[in-house]
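Chain by chain, the residues:
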Amino acid sequence: MASSSLLVAVVVLLLGAAVQAENPYRYFTWNITYGTRSPLGVPQQVILINGEFPGPNINSTTNDNIVVNVFNELDEPFLLTWSGIQQRKNSWMDGMPGTNCPIPPGGNFTYHFQVKDQIGSYFYFPSTAMHKAAGAFGGLRVNSRLYIPVPFDDPADDFTVLIGDWYTRSHGAIRKVLDSGRSLAKPDGVLINGKSGKSENESAVFDVEAGKTYRYRICNVGIKTSLNFRVQGHQMKLVEIEGSHTVQNIYDSLDIHLGQCYSVLITADQAPGDYHIVASTRFTKYQLSATGLIRYSNSSKPATQVLPPPPAGVSWSVNQFRSFRWNLTASAARPNPQGSYHYGQINITRTIKIVNSKEKDAQGKLRYAINGVSHVQATTPLKLAEYFGVAEKVYDDSIIVDDPSAKSNSSSALRVETAVLNGIFRDFVEIVFENHEKSLQSWHLDGYSFFAVGMERGKWTPASRSVYNNLDAVSRHTVQVYPKSWTAILLTLDNAGAWNLRSEMWDRQYLGQQLYVSVVSPARSLRDEYNMPDGQPLCGIVDGLPLPPPYS
């Protein structure tokens, strides 16, 4: 009897330990609605999440399970995507039209994903149509677990700062302009956390106490323009870029390109008062800006109207990029140094060139393309087509070639098709973005972080590898390409799924400058990829088909 009681006690203890060992769940219910706001002083339709503009922040910790039940109360289909969250083995939750059926009006969908082995600063936003131009974006932070050391002291507070250009026209009006074959005009202004700073009541305010240090997570959530961020009378210590701890250099200002997130420490080391923060446009003929306020406690001194000037020129920005370095001694999400991955010692198995272009289709309408192919979304999400074994009926993964300069003259005309790149599972690849245009570009890859190892003017050649940073390039998910220049990244295609590679200039993305990288594990094993979740919405030609055998 005693031994039986002991056995029961042991079982209870083991079950209790198992329950405690399970990673925490964080639940959210979001209602997506239209509302009226006046971010630039003009009443306009925006998209709200639970009545908020911008949307609510998600505050999580490494390995947390995030469950977001989204109810679409708009009059058109809607999706959210989670920029920079890698969704390991789980492109089912990526929230892009190539992986998910959009949530219909009046419908709902529950996202369930784990911020697996990640830390850092991210954001979410709508991926359908031009909804991003209307709001429904918000911050998403992943904190380190308590027993993982962080390479700086705990800040007194942690602020999310969402900066971005803004249009007073509705997302529907912007979409009509693009559908008509015209280009998108300049923005009407810039916002910081949904406010322009035109008056104190229209300013984002960050309250601080003298002598204390604060963390600011700054993300460019705009749709067209790079921005420069700076703070009146204060310097910034860069500590993290898109999930990677960095060498802690000091900056007076930072260029933050579309889709990018930078995390800085700012010490309240000035005389108590109000100080402007500034976000202003970069690499444009027009100059637009927004201001916010850092307000010391008991402040009685208003901020001076003499704002810190922006930096000048492309060379300044390129040199700043080169100053960013991975902190090789810092721990990552797991208890090991983040710099222990020696990417520079791995043989490259494939080189892929991504060349952006601006072209006209057969009807004379404006399109944007990658390697001569302008993407149109299929009615069946690409991931569903691959999972159900009907991919050949939906897309051709041979039309995106690795080297567009090698194409024959007969194939030089613009192709408007569903663009899919065949990614070989676990290949270590080099992707070279070549920008032959006079405008700066910004590129993002879902499902991965990559090493941004080099950028130079002109065209890339194999000899360009001699300038690569093969030691401590920052691991990140978004990178800029300067005018008439190239940028090279390195990564391992070890995350099975269908992943969106896109321009972060949202008019370009909408008009075709994107593709999907299809990475299929030959083993079709749960070790490499999750099964399609129960209740996953089906659409297109897979709707009504019998379910494939599950992975095991």
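Student: What am I meant to see in the overall build of the protein here?
Tutor: Regarding its fold elements, the protein presents five helices and 33 strands. Its C-alpha atoms give the protein a radius of gyration of 24 Å, near enough to 24 Å, the size a compact globule of 552 residues would have. With the C-alpha coordinates of the protein rotated into their principal frame, the extents come out at 85 × 70 × 55 Å. Within the protein, the fraction of its 552 residues that count as buried is 58%. Looking at the protein alone, contacts between residues at least 24 apart form 78% of all its contacts between residues at least 6 apart.

Student: Would you explain the environment of Glu-209 in this entry?
Tutor: With respect to the element layout, Glu-209 can be found in the loop between strand E11 (205-208) and strand E12 (213-220). Sequence separation between Glu-209 and Glu-359 is 150 residues; the distance between their C-alpha atoms is 53 Å. Among all residues touching Glu-209, those that are not within four sequence positions of it are Tyr-214, Ala-268 and Ser-297.

Student: Looking at this structure, how should I read the environment of Asp-252?
Tutor: Within the secondary structure, Asp-252 sits in the loop between strand E16 (250-251) and strand E17 (253-256). On the accessibility criterion, Asp-252 (53% relative accessible area) is exposed. Between the alpha carbons of Asp-252 and Pro-310 there is a distance of 9.7 Å; along the sequence they are 58 residues apart. With residues near it in sequence (within four places) discarded, Asp-252 still touches Arg-230, Val-231, Gln-235 and Met-236. In this structure the side chain of Asp-252 is engaged in a polar contact, spanning 3.1 Å, whose partner is the side chain of Gln-235.

Student: Quick question: what am I supposed to make of the nonpolar core here?
Tutor: Counting 34 residues, the largest nonpolar core has Ile-163, Tyr-216, Phe-229 and Leu-254 as the members making the most contacts within it. Every residue in contact with Leu-254, bar those within four places of it in the chain, is listed here: Leu-227, Asn-228, Phe-229, Met-236, Leu-238, Tyr-262, Val-264, Gln-320 and Phe-324.

Student: Looking at this structure, I do not really get the environment of Gln-260. What am I missing?
Tutor: Locating Gln-260 in the fold gives a position in the loop between E17 and strand E18 (261-267). On a C-alpha basis, the gap between Gln-260 and Thr-478 in space is 5.9 Å, while along the polypeptide they are 218 residues apart. Excluding residues that lie within four positions of it along the chain, Gln-260 makes contacts with Ile-218, Cys-219, Asn-220, Glu-242, Asp-255, Arg-476, Thr-478, Val-479 and Gln-480.

Student: Looking at this model, I keep getting lost on the packing of aromatic side chains. Mind explaining?
Tutor: Ring pairs (aromatic) are described by centroid distance and by the angle formed between their planes. All chains considered together, the criterion is met by 29 aromatic pairs. Relative to Tyr-27, the ring of Tyr-25 lies with its centre 5.9 Å away and its plane at 15 degrees, an arrangement referred to as stacked. Since its relative accessible area comes to 61%, Tyr-27 is described here as exposed. For the ring pair Phe-109 and Tyr-111, a centre distance of 4.9 Å and an interplane angle of 85 degrees mean the geometry is edge-to-face.

Student: Would you mind showing me how to read helix H2 (residues 171-179) here?
Tutor: An α-helix turns once per 3.6 residues; consequently, residues spaced three or four apart project the same way. Among the residues of H2, those classed as buried are His-171, Ile-174, Val-177 and Leu-178. End-on, the buried residues of H2 take up no more than an arc of 120 degrees, which puts them together on one face. For H2, the secondary structure elements touched by its buried residues are strand E1 (25-37), strand E2 (44-49) and helix H5 (506-510). Positive backbone phi, at 95 degrees, marks Gly-181, one or two positions downstream of H2.

Student: Please explain unusual backbone geometry as it appears in this structure.
Tutor: Most peptide bonds are trans, and most residues other than glycine sit at a negative phi. Of note, the bond from Phe-53 into Pro-54 is cis; its omega dihedral lies within 30 degrees of zero at -10 degrees. Position of Pro-54 relative to the elements: it lies in the loop between E2 and strand E3 (58-61). The phi torsion at Lys-89 lies on the positive side, around 60 degrees, for a residue other than glycine. Summarising the element assignment, Lys-89 is placed in the loop between strand E5 (80-83) and strand E6 (108-114).

Student: Would you explain the state of the cysteines in this entry?
Tutor: Linking two cysteines covalently through their sulfur atoms gives a disulfide. Across all of its chains, the model carries two disulfides by this definition. Here Cys-101 pairs with Cys-539 through a disulfide, and the sulfurs are 2.1 Å apart. Between Cys-101 and Cys-539 the sulfur-sulfur dihedral comes to about -95 degrees; the bridge is accordingly left-handed. Of this pair, Cys-101 sits in the loop between E5 and E6 while Cys-539 sits in the segment after strand E33 (514-520), and the two are 438 residues apart along the sequence.

Student: Please clarify how the sheet that holds strand E20 (residues 289-296) should be interpreted in this entry.
Tutor: In any sheet, the strands associate via hydrogen bonds between backbone groups, in a parallel or an antiparallel arrangement. The five strands lie next to each other as E11-E20-E19-E13-E17, forming an open sheet whose pairing is mixed. In this open sheet, the two strands that pair with only one neighbour each are E11 and E17. The sheet shows a mean angle of 20 degrees between the axes of neighbouring strands, direction not considered. Looking at chain direction, strand E19 (residues 274-281) and E20 are connected through seven bridges and run antiparallel. Paired with Val-278 across the strands is Thr-291, a residue of E20. The strands that helix H3 (residues 314-323) touches are strand E13 (227-231) and E17; relative to E17, the one it contacts most, it runs at about 95 degrees.

Student: Looking at this structure, how should I read a positive patch on the surface?
Tutor: A contiguous patch of positive charge, built from Lys-285, Lys-438, Arg-457 and Lys-484, is present on the exposed surface. By the secondary structure assignment, Arg-457 is in strand E28 (residues 450-457).

Student: Sorry if this is basic, but what is going on with the confidence of the model for the protein here?
Tutor: For residues with low pLDDT, the predicted coordinates do not support detailed interpretation. In this model, the protein carries a mean pLDDT of 94, and residues with pLDDT of at least 70 account for 95%. Residue range residues 1-20 is modelled with pLDDT below 50. Its contacts to residues more than four positions away, or to other chains, number zero contacts.

Student: Quick question: what am I supposed to make of the sheet that holds strand E7 (residues 120-126) here?
Tutor: An order of E3-E8-E7-E5 is seen for the four strands of this open sheet, with the pairing classed as mixed. The open sheet terminates on both sides in strands that have one partner only, identified here as E3 and E5. The sheet shows a mean angle of 20 degrees between the axes of neighbouring strands, taken without regard to direction. As paired elements, E7 and strand E8 (residues 138-143) share five bridges and run antiparallel to each other. From the neighbouring strand, Tyr-122 faces E8, where its bridge partner is Leu-140.

Student: Would you mind going over the pattern of salt bridges with me for this structure?
Tutor: Pairs can form between side chains of opposite charge once their charged atoms are near each other. Counting across every chain of the model gives 25 salt bridges. Across the salt bridge formed by Glu-417 and Arg-415, the nearest N and O atoms sit 2.9 Å from each other. Its relative accessible area of 33% is what places Arg-415 among the partly exposed residues. Between Arg-502 and Glu-504 there is a salt bridge, with its nearest N and O atoms 2.9 Å apart. An identical accessibility class is assigned to Arg-502 and Glu-504; each is buried.

Conventions adopted
Residues numbered from 1 in each chain as written. Predicted model: local features only at pLDDT ≥ 70, side-chain atom pairs only at ≥ 80, totals over all residues. Heavy atoms only, no water. Helix = DSSP H or I, 4+ residues; strand = E, 2+ residues; numbered from the N terminus. Rg over C-alpha atoms; globule rule 2.2 N^0.38 Å. Buried < 20%, exposed > 50% of the residue type's maximum accessible area, 1.4 Å probe, protein only. Contact = heavy atoms within 4.5 Å. Polar contact = N/O pair within 3.5 Å; in protein donor to acceptor, adjacent residues only side chain to side chain. Core = buried A, V, L, I, M, F, W, Y, C linked by side-chain atoms within 4.5 Å. Phe/Tyr/Trp six-rings, centres within 6.5 Å; stacked < 30°, edge-to-face > 60°. Arc of directions from axis to C-beta. Disulfide = S-S within 2.5 Å. Pairing = 2+ DSSP bridges. Axes fitted to C-alpha atoms, helices over the stretch in contact; angles between N-to-C directions. Patch = residues over 30% accessible without salt bridge, like charges linked within 9 Å, V, L, I, M, F, W, Y side chains within 5 Å. Areas by Shrake-Rupley, 256 points an atom, 1.4 Å probe, with all protein chains shown as cover. Salt bridge = Lys/Arg side-chain N within 4 Å of Asp/Glu carboxyl O. Lys, Arg positive; Asp, Glu negative; His and termini not counted. Charge placed at Lys NZ, Arg CZ, Asp CG, Glu CD. pLDDT = per-residue confidence, 0-100.

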